[in-house]
Amino acid sequence: MRIAIDKQTEYARELLKELYAKQEPALDSELVNGILEADQSDETGIFEQRQRIAKLKKLLNNRTDAKSLNLSQLADNLCRKSVWLIGGDGWAYDIGYGGLDHVLASGKDVNILVLDTEVYSKTGGQTSKATPRGAIAKFSAGGKATAKKDLALLAMSYENVYVANIALGAKDVQTLRTFVEAEAHHGPSLIIAYAPCISQGVDMKNSLTQQKLAVDSGHCLLFRFDPKRLQQGENPMHLDSKEPSVPYKDYMQTETRFSMLWQSHPESAEKLLQQAQHEVTQRYHFFKQLSEMDWDEGTGVAAIKKKINEH
Ligand SMILES: Cc1ncc(C[n+]2csc(CCOP(=O)(O)OP(=O)(O)O)c2C)c(N)n1
């Protein structure tokens, strides 16, 4: 879809330039240049572009030549269009990961929203690679013995991908900012949205407060990695989470997917808890360090990279 839209935009721009050069119909330079050079990185820019396109379509209205007719049909593609992929963690982390990675590597302007329920929900709650350590799910009856895959870190390794983790119930402003930044980014964007579901053994009427608890315990980490900051010589990582303030066990006890393990396998429950607590603490500090790294061109990471490239 992205490639098709880009091709249509390219063709519409060509037609516009050709018609302008021939002066058929009479197109004024302000309108044509306004369309071709429009800054469409925000809502205001897009609104203004829509108005210019409406004006263009009106001018093309009574034309019967092939190029004008073609442009009239394609003119809406002169306005920036966003493409969204939306799916679950089973798709993004697991069975669809090869395709997702391909889109991230393409560098194309595609936004990806992962609704991370930490299990394959639709098919009944099977373990996915997003399932956290210690959670009971189908195929993990004794509690998942391995840690959750870090999809965000994998995506961040491309450096031109906008990557964020959000939890609406914990910080709605951060959620809003993330969508605005992802839309504005002219490249792939990956938003991982923490999304409690019935398979987690939570009362869905408490979904929003449960998200907050997940963030306060460190289970879910909120951050935004924006390549735009990288281009400006700034640290791309912005950590939106505070240091975990709730013991991980307190969070685990509120969700049946974890708490059941204390009844069925109490010893492994304690062991998995210790490991999980260690992991969330370590992950928070790792991301905090990333967010505090020196990106100064002369002294920081950028300088080190430059030196490596020179050798
Ligand atoms: C390649 C492939 N394998 C299996 C399925 C069957 N299937 C349909 S929905 C689903 C569960 C998807 O889980 P997830 O991506 O986590 O989304 P959620 O149900 O949690 O929203 C599966 C396995 C499929 N659609 N495609």
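Criteria and thresholds
Residues numbered from 1 in each chain as written. Predicted model: local features only at pLDDT ≥ 70, side-chain atom pairs only at ≥ 80, totals over all residues. Heavy atoms only, no water. Pairing = 2+ DSSP bridges. Helix = DSSP H or I, 4+ residues; strand = E, 2+ residues; numbered from the N terminus. Axes fitted to C-alpha atoms, helices over the stretch in contact; angles between N-to-C directions. Near = heavy atom within 4 Å. Polar contact = N/O pair within 3.5 Å; in protein donor to acceptor, adjacent residues only side chain to side chain. Areas by Shrake-Rupley, 256 points an atom, 1.4 Å probe, with all protein chains shown as cover. Salt bridge = Lys/Arg side-chain N within 4 Å of Asp/Glu carboxyl O. Phe/Tyr/Trp six-rings, centres within 6.5 Å; stacked < 30°, edge-to-face > 60°. Buried < 20%, exposed > 50% of the residue type's maximum accessible area, 1.4 Å probe, protein only. Contact = heavy atoms within 4.5 Å. Domains from an automatic or database assignment. Buried area = accessible area lost by both parts, 1.4 Å probe. Core = buried A, V, L, I, M, F, W, Y, C linked by side-chain atoms within 4.5 Å. Right-handed = clockwise from strand over helix to strand, strands pointing away.

Digging into the sheet that holds strand β5 (residues 162-166)
One open sheet accounts for six strands, arranged β1-β2-β6-β5-β7-β8; its pairing is mixed. One side of each edge strand has no neighbouring strand; the edge strands of this open sheet are β1 (84-88) and β8 (237-239). Strand-to-strand, the axes of this sheet are offset by a mean angle of 10°, without reference to chain direction. The sheet contact formed by strand β2 (residues 111-116) and strand β6 (residues 189-194) spans six bridges and is parallel.

Some remarks on the site of the ligand
Every residue close to the ligand is listed here: Gly88, Asp89, Gly90, Trp91, Ile95, Thr117, Val119, Tyr120, Ser121, Lys122 and Thr123. Take Ser121: an N or O atom from its side chain is 3.0 Å from an oxygen atom of the ligand. Between the ligand and the protein, one listed contact pairs an oxygen atom with a backbone N or O atom of Lys122 at 2.7 Å. Taken by itself the ligand offers 590 Å² of open surface, and the protein chains cover 53% of this.

Side note on the pattern of salt bridges
For the coordinates displayed, the defined rule picks out 20 salt bridges. For Lys212, the salt bridge identified is with Asp216, shortest N-O distance 2.8 Å. Pair noted here: Lys212 and Asp216 are both in helix α9 (residues 207-216), with a separation of four residues, about one helical turn. Of the charged contacts in the structure, one is a salt bridge between Glu270 and Lys249, with a shortest N-O distance of 2.9 Å.

What to know about the packing of aromatic side chains
Within the structure shown, the criterion is met by five aromatic pairs. With a centroid separation of 5.6 Å and 45° between ring planes, the pair formed by Tyr248 and Tyr251 is classed as tilted. Of this pair, Tyr248 and Tyr251 are both found in helix α11 (residues 248-252), three residues apart, which corresponds to roughly one turn of the helix. Neither residue differs from the other here; Tyr248 and Tyr251 are each classed as buried.

Looking at the environment of Cys79
Looking at the element boundaries, Cys79 is found in the loop between α4 (66-74) and β1. Along the chain, Cys79 and Gln49 lie 30 residues apart, while their C-alpha atoms are 6.2 Å from each other. Apart from residues lying up to four places away in sequence, Cys79 is in contact with Gln40, Ile46, Gln49, Arg50 and Ile53.

Looking at the side chain of Asn77
With respect to the secondary-structure elements, Asn77 resides in the loop between α4 and β1. Sequence-distant contacts of Asn77, that is, excluding residues within four places in its chain, are made with Ile5, Gln8 and Thr9.

Regarding unusual backbone geometry
Despite not being glycine, Phe139 shows a phi value in the positive range, around 80°. Its location among the elements puts Phe139 in the loop between β4 (126-127) and α7 (151-156). Unlike most non-glycine residues, Glu159 shows phi in positive territory, near 70°. With relative accessibility at 31%, the residue Glu159 sits in the partly exposed group.

Points about the domain arrangement of the protein
What the domain assignment reports for the protein is domain 1 (2-78) and domain 2 (84-292). Taking the mean C-alpha position of each, domain 1 and domain 2 sit 41 Å from one another. Between domain 1 and domain 2, the contact holds four residues from the first and five residues from the second. Of the roughly 340 Å² buried at the junction of domain 1 and domain 2 (both faces included), carbon and sulfur atoms supply 61%.

Overview of the nonpolar core
Met156, Val163, Leu190 and Phe223 are the most contacted members of the largest nonpolar core, which totals 26 residues. Counting residues per element, the ones that place at least two in this core are α5 (89-95), α6 (97-106), β2, α7, β6, β7 (223-225), β8 and α13 (266-292). Take this core: its biggest share by element is four residues, from α7. Not counting chain neighbours up to four residues away, the residues in contact with Met156 comprise Val163, Phe223, Phe225, Met237, Phe287 and Leu290. Judged by nonpolar contacts, the second largest core, of 19 residues, contains Ile136, Ala167, Met252 and Phe258.

Regarding the pairing of β2
Most of β2 is tucked away: five of the six residues are buried. Note: β1 against β2, five bridges, orientation parallel. Residue pairing across strands places Leu85 opposite Ile112, the latter belonging to β2.

A few points about the pairing of β6
Where burial is concerned, most of β6 is hidden: six out of the six residues are buried. Side chains of β6 alternate between two faces, with Ser189, Ile191 and Ala193 and Leu190, Ile192 and Tyr194 buried alike. In this sheet, β6 lies alongside β5 in parallel orientation, the contact comprising five bridges. Bridging from a neighbouring strand, Asn165 pairs with Ile192 of β6. Read from β5 through helix α8 (residues 172-184) to β6, the crossover connection turns out right-handed.

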